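Listed below, chain by chain, are the residues.
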Amino acid sequence: MNGEYSLDTTEGMAASGDPPTNNAVDDYDAEEALERQREEENKIKIKLKSFEGGVYECGLTAAKMSVMVANMLDALQETDLTKIATREPIPLQNDAVTNKALEKIVEWVDHHWDDPPIDPDFDDEKERRNEELSHWDKQFIDIADQGELFDIIAAANFMDIKGLVEVGAKHICNKIKGKSCTEVREMLKIHNDFTPEEEAAIHKENEWIYAKD
Amino acid sequence: MDSRSCDQLSADMAKMSMNGTPEEYPKDSFDRYGNDLCEVILSYLSFKDSFRFECLSKQWQRSVFTSRHIFSVSDIMPKKSQFNEIKTITDNGWKALESVVKKWTHITDIHIDIDSQDMERNFEFFTPHLIGTD
């Protein structure tokens, strides 16, 4: 096994909070300023164009939750951000970005634009992964038409919106939790390309899952 | 191939996605996803589900463990109430550990929560085995 071991609680049984940072005040001011800037920028509306040609308006900060859109905007090298609003819509050239999918994606980023950015630091990852979806996200992602749901996740992945991909992933994993393999194949329309022998071999390897502790 | 799937296939071939590959799968089939996205989604499965669903398809087998970077030792430990002595790391626990070591090839973090004295003793007993694995 490569990499580092992080043994979080090796200190013992005493629960410990996060140690206070030395320059907490500076950090706070910088955060405030950044927050205000994001708020201002989100008042600027930009246009996004789906693969099917539909054009949807979206706050700039919200739109930048898509790393792909953020990169495209950076590439414009436009210092006057208000000019971005008057530009041609940004085309999203992937067939998963249907009108319906883009409409939902804009709804999601408009709701989440002031979320704290996902911390790439692994310390928080376990917690974030185990965190349940918010009530809002649950309702948002509970989409009866599976094709549409899959479009949204694929489109979010294409646009590189990590938070939304995560919502979709958690939703799917929740839906199939505790179901049998046959049920999951049926539900997600997965073609079983194993021979019965291959499948049995995998079952044998993983037999321990079904035993009680 | 029946005539319906022939029609489907030709319809799919007609609309090529942007990277030039034909769309082979219906929109509501999980099989439409490439390995990258499949890996991300499956990384959110619970510990046991990840092994349970390994057999769904070859793509799932390929993808289900590749994005699992964090291994929580508590996932293979018996429940707290069953901790009476160090021996309680059951055969099953060892089999589980063996599977993790064999199949989760991208672990970067191992989490061990020590929240009881039993657990602490287990940890002392357990760590050399864990670190000793390659």
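Computed from a predicted structure; not experimentally measured.

Parameters and conventions
Residues numbered from 1 in each chain as written. Chains lettered and ligands numbered in written order. Predicted model: local features only at pLDDT ≥ 70, side-chain atom pairs only at ≥ 80, totals over all residues. Heavy atoms only, no water. Helix = DSSP H or I, 4+ residues; strand = E, 2+ residues; numbered from the N terminus. Buried < 20%, exposed > 50% of the residue type's maximum accessible area, 1.4 Å probe, protein only. Polar contact = N/O pair within 3.5 Å; in protein donor to acceptor, adjacent residues only side chain to side chain. Contact = heavy atoms within 4.5 Å. Phe/Tyr/Trp six-rings, centres within 6.5 Å; stacked < 30°, edge-to-face > 60°. Lys NZ or Arg CZ within 6 Å of the ring centre and 35° of its normal. UniProt positions renumbered as here; feature names shortened; annotations may be inferred. Pairing = 2+ DSSP bridges. Axes fitted to C-alpha atoms, helices over the stretch in contact; angles between N-to-C directions. Disulfide = S-S within 2.5 Å. Expected span 1.5 Å × (residues − 1). pLDDT = per-residue confidence, 0-100. Salt bridge = Lys/Arg side-chain N within 4 Å of Asp/Glu carboxyl O.

Asker: What is the right way to read the side chain of N206(A) from this model?
Answerer: Within the element layout of this structure, N206(A) appears in the segment after α11 (196-205). Residue classification places N206(A) among the buried positions, given a relative accessible area of 2%. Reaching out from N206(A), the side chain makes a polar contact with the side chain of K103(B) at a distance of 3.1 Å. Those residues in contact with N206(A) that sit more than four places away from it in its chain are F51(B), E54(B) and K103(B).

Asker: What's the story with the environment of I46(A) in this structure? I'm lost.
Answerer: All names here are of chain A. For I46, the position within the fold is in strand β1 (residues 45-49). When the C-alpha atoms of I46 and A155 are compared, they prove to be 18 Å apart, with 109 residues separating the residues in sequence. If we ignore the near neighbours within four places in the chain, the residues touching I46 are Y56, E57, C58, L60, A63, V69, L73, I84 and I90.

Asker: How should the packing of aromatic side chains be read in this particular structure?
Answerer: Each aromatic ring pair is characterised by the separation of its centres together with the angle its planes make. Applying the stated criterion across every chain, the model contains 11 aromatic pairs over all chains. Seen from their ring centres, F150(A) and F30(B) are 6.0 Å apart, and the 80° between their planes marks the pair as edge-to-face. Separated into two different chains, F150(A) in helix α8 (residues 146-158) and F30(B) in the loop between α1 (3-14) and α2 (35-42) make up a pair that spans both. In this structure, F150(A) and F30(B) share a single accessibility class: buried. Judged by centre distance (4.9 Å) and plane angle (45°), the ring pair of F51(B) and F65(B) falls under tilted. Here F51(B), found in helix α3 (residues 47-52), pairs with F65(B), found in the loop between α4 (58-63) and β1 (70-72); they are 14 residues apart in sequence, far enough to count as distant. Judged by relative accessible area, which is 1%, F51(B) ranks as buried. Three or more aromatic residues joined by ring pairs form one cluster here, namely F150(A), F30(B), Y33(B), F53(B) and W60(B). Here the guanidinium or amino end of K104(A) rests over the ring plane of F140(A), the centre of that ring lying 4.2 Å away. Cation over ring: R129(A) sits above Y44(B), and NZ or CZ is 4.4 Å from the ring centre.

Asker: I tried to follow the UniProt feature "domain: F-box" (unreviewed entry) in chain B on my own but got confused; where do I start?
Answerer: As annotated in UniProt, the feature "domain: F-box" (unreviewed entry) corresponds to residues 36-64 of chain B in the numbering used here. The span residues 36-64 of chain B shows a helical share of 66% and a strand share of 0%, and its end C-alpha atoms are spaced 11 Å apart.

Asker: Hey, could you run me through the sheet that holds strand β2 (residues 55-59) of chain A in this one?
Answerer: The strands making up a sheet associate through backbone hydrogen bonding, with each pair oriented either parallel or antiparallel. Residue and element names in this part refer to chain A. Here 3 strands make up an open sheet; going across it, the order is β2-β1-β3 and the pairing mixed. In the strand order of this sheet, the two ends are held by β2 and β3 (90-91), each with one partner. Across 5 bridges, β1 lies against β2 in antiparallel orientation. Residue L48 lies in a different strand from β2, and its bridge partner there is Y56. The strands that helix α5 (residues 99-112) touches are β1 and β2; relative to β2, the one it contacts most, it runs at about 10°.

Asker: What is the right way to read the state of the cysteines from this model?
Answerer: Linking two cysteines covalently through their sulfur atoms gives a disulfide. Applying the stated criterion across every chain yields a total of 0 disulfides over all chains. In this model C38(B) remains outside any disulfide bridge; the closest cysteine sulfur is found in C173(A), 9.8 Å from its own. C55(B) forms no disulfide, and the closest cysteine sulfur to it belongs to C181(A), at a distance of 3.5 Å.

Asker: Would you mind showing me how to read α5(A) here?
Answerer: Along an α-helix, a turn takes 3.6 residues, which lines up residues three or four apart on a common side. Residue and element names in this part refer to chain A. Taking 1.5 Å of rise per residue, the 14 residues of α5 would be expected to cover 20 Å, and the 20 Å separating its terminal C-alpha atoms lies within 8% of that figure. Listed in full, the buried residues belonging to α5 are A101, L102, K104, I105, V106, W108, V109 and H112. Considering only its buried residues, α5 is in contact with β1, β2, α2 (60-63), α7 (135-141), α8 and α9 (162-176).

Asker: Explanation requested: the confidence of the model for chain A in the structure shown.
Answerer: As a general rule, the predicted coordinates of low-pLDDT regions are not to be interpreted in detail. Of the residues in chain A, 85% reach a pLDDT of 70 or more, and the chain-wide mean stands at 85. A low-confidence stretch, residues 1-17 of chain A stays under pLDDT 50, and its non-local contacts, those more than four residues away or across chains, total 26 contacts.

Asker: Help me understand the pattern of salt bridges in this model?
Answerer: Here the idea is simple: oppositely charged side chains can pair when their charged atoms come close. Under the definition given, this model contains 14 salt bridges over all chains. As a salt-bridge pair, R32(B) and D151(A) come within 2.7 Å of each other at their nearest N and O atoms. Highlighted residues: R32(B) in the loop between α1 and α2 and D151(A) in helix α8, drawn from two different chains. The exposure class of D151(A) is buried, given its relative accessible area of 4%. What emerges from the salt-bridge pattern is a single network uniting D151(A), K27(B) and R32(B).

Asker: What am I meant to see in unusual backbone geometry here?
Answerer: Trans peptide bonds make up the majority, and among non-glycine residues the majority have a negative phi. Residue and element names in this part refer to chain A. Its identity is not glycine, yet D160 carries a phi of approximately 60°, on the positive side. Topologically, D160 is positioned in the loop between α8 and α9. The residue K189 is not glycine, and still its phi comes out positive at about 50°. Of note, K189 is situated in the loop between α10 (181-188) and α11.

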